Amino acid sequence: MKKAHKHILTICFLLFIFVGLILNISNFKNACVSVIDDIKSLDIKKAVTNFESSINDNFANKMDIVDVNGAFKKVCGQKIANGTILGDDNQLYDEDAINEKLDLDKEKESLEYTSRLMEYAENKGIFSLYVQHPNKYNVASEELPYGLTATRTIVDDMYVNELKAQGKNVIDLRESKYNVNNFYKTDHHWTVESAFNANLIIKEYISQSQSAHKIEMNKAEDYKKVTKQNSLLGSYGIRVGQYFAGKDDYSVMIPRFKTEYVYEAYDTNHKKVTEKEGSYEEVFIENSYLNNPNYLNKYNTYILDGTVEARANNNESTNNTKVLLIGDSFSRPLFTFLSDGVAEIRFLDAQEGRYNDSFKDYIDEYNPDILLIAYNYGFAENSIADKEAF
């Protein structure tokens, strides 16, 4: 009976795929036409790339097919689909990240760069703190099927242990006592609630470690949480559809107290792309994403336009403290929460292809009171502009 059930499922799945192909005949025809010039010029690699792009961009009912494929894999008990692994904890993991081959020489170079950048800032009188945020793969090995293991924790441990040994200020947010190790099951990011808790820990550490620069503290009770249930299908979930592991609830946290900001965002050419004035919600939260049931990647609700450089001036601040946060996409909600405690904060996304100019020069120009580094992956490689400076 069980075998017959699987055969019926297989037949239904193949019929669905067949119907999908029929609906996309014109798409295949257009894709073929679009690469004729590439074929004539014998640029086969370009022809294949353009053909694939054309098919993917214009495939009719694409998400329906992804949903059915994910549901079929789930029913058949499969744990890997479309480069995505379903852990025993019902969390999705990226197969490439699990099988990642670490270049420890490159990571050691990045670690040395981080140390020198912190030392440079400290010599200028800037309080510097390395923040090791958690990632899904620190705990993944305990939850992965088929005996798979994750290696990313090796690099994170290296950063924390070496920087501590050098006497640098370090917070290791991976420690369970901090309660920030919560992730969306369909995405690689930590939850907004985890980012908020991390902000409290960072503020407390700074306040206890130095007294020259004030930082205001707010509590969770000072924020209103707005939750959209079953609304997020993240970067992993989009590959396998909504039935393979389900969707996530997604929340934003809005201050209950009065806020007034000037917010700006800049692109890779240092051109201003956004300027807003208003409350926390008005400048940091993209409600058109949050309230649109068809928009699935809800994590982009927080400053999607600030993925290179973001700046916020807090007009309600009672201090004049300036903060520079160097991080990645984990830092986008974190940036907004930290902003309520200081007069001014800036965020640089150090990922490749984002803000890759000189961080040393930026420190010289901005002259922050506090430097937070919440990034390590390939840091030195992404900061070629500083290689000669150190």
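Residues numbered from 1 in each chain as written. Predicted model: local features only at pLDDT ≥ 70, side-chain atom pairs only at ≥ 80, totals over all residues. Heavy atoms only, no water.

A. Quick look at the overall build of the chain. Broken down by element type, the chain carries 16 helices and 13 strands. A burial count over the chain gives 48% of its 390 residues as buried. Within the chain, contacts between residues at least 6 apart in sequence are counted, and of these 70% link residues at least 24 apart. For the chain, the accessible area works out to roughly 18,700 Å², and carbon and sulfur atoms hold 50% of it. (Helix = DSSP H or I, 4+ residues; strand = E, 2+ residues; numbered from the N terminus. Buried < 20%, exposed > 50% of the residue type's maximum accessible area, 1.4 Å probe, protein only. Contact = heavy atoms within 4.5 Å. Areas by Shrake-Rupley, 256 points an atom, 1.4 Å probe, with all protein chains shown as cover.)

B. Looking closely at the environment of Lys79. Relative to the helices and strands, Lys79 is located in the loop between helix H5 (62-75) and strand S1 (80-81). As for Lys79 and Leu92, which are separated by 13 residues in sequence, their C-alpha atoms are 9.5 Å apart. Here Lys79 is in contact with Thr84, Ile85, Leu86, Asp88, Pro145, Tyr146 and Phe244, once residues within four sequence places are set aside.

C. Up close: unusual backbone geometry. Phi at Asn90 takes a positive value of approximately 65°, unusual for a residue other than glycine. Not every positive phi belongs to a glycine, and Asn367 is a case in point at roughly 55°. Looking at the secondary structure, you find Asn367 in the loop between helix H15 (359-366) and strand S13 (370-373). Here Asn367 falls in the partly exposed class, since its relative accessible area comes to 41%.

D. Structural context of the sheet that holds strand S2 (residues 84-86). With respect to topology, three strands assemble into an open sheet ordered S1-S2-S3, the strand pairing being antiparallel. The open sheet has two edge strands with one neighbour each: S1 and strand S3 (92-94). Bridging between S2 and S3 involves three bridges; their strand directions are antiparallel. Across the sheet, the residue bridging to Ile85 is Tyr93, located in S3. (Pairing = 2+ DSSP bridges.)

E. Focus on the environment of Asn90. Following the sequence through the fold, Asn90 ends up in the loop between S2 and S3. Put simply, Asn90 and Ala245 are 155 residues apart on the chain and 6.3 Å apart in space, counted from C-alpha to C-alpha. Those residues in contact with Asn90 that lie beyond four places of it in its chain are Lys74, Lys185 and Ala245. A distance of 3.5 Å separates a polar side-chain atom of Asn90 from the backbone oxygen of Ala245. (Polar contact = N/O pair within 3.5 Å; in protein donor to acceptor, adjacent residues only side chain to side chain.)

F. A look at the sheet that holds S13. Pairing is mixed across the open sheet formed by eight strands, whose spatial order is S5-S4-S13-S11-S12-S10-S8-S9. The sheet terminates laterally at strand S5 (169-172) and strand S9 (272-278), the two strands that pair on one side only. Going from strand to strand, the sheet's axes swing by 15° on average, the running direction of each strand aside. Across four bridges, the pairing between strand S4 (residues 127-132) and S5 is parallel. Its bridge partner lying in S5, Val131 is registered against Ile171. Sitting on the sheet, helix H7 (residues 104-123) is in contact with S4, S5, strand S11 (322-327) and S13, with an inclination near 150° to S4. Helix H10 (residues 192-209) contacts S4, S5 and S13 of the sheet and is inclined by roughly 145° relative to S4. (Axes fitted to C-alpha atoms, helices over the stretch in contact; angles between N-to-C directions.)

G. View of the pattern of salt bridges. Under the defined criterion, the tally for this structure stands at 17 salt bridges. As a salt-bridge pair, Asp349 and Arg354 come within 2.9 Å of each other at their nearest N and O atoms. Given a relative accessible area of 0%, Asp349 falls into the buried group. With a relative accessible area of 30%, Arg354 lands in the partly exposed category. Three or more residues joined by partner-sharing salt bridges are found here, namely Lys124, Lys360 and Asp364. (Salt bridge = Lys/Arg side-chain N within 4 Å of Asp/Glu carboxyl O.)

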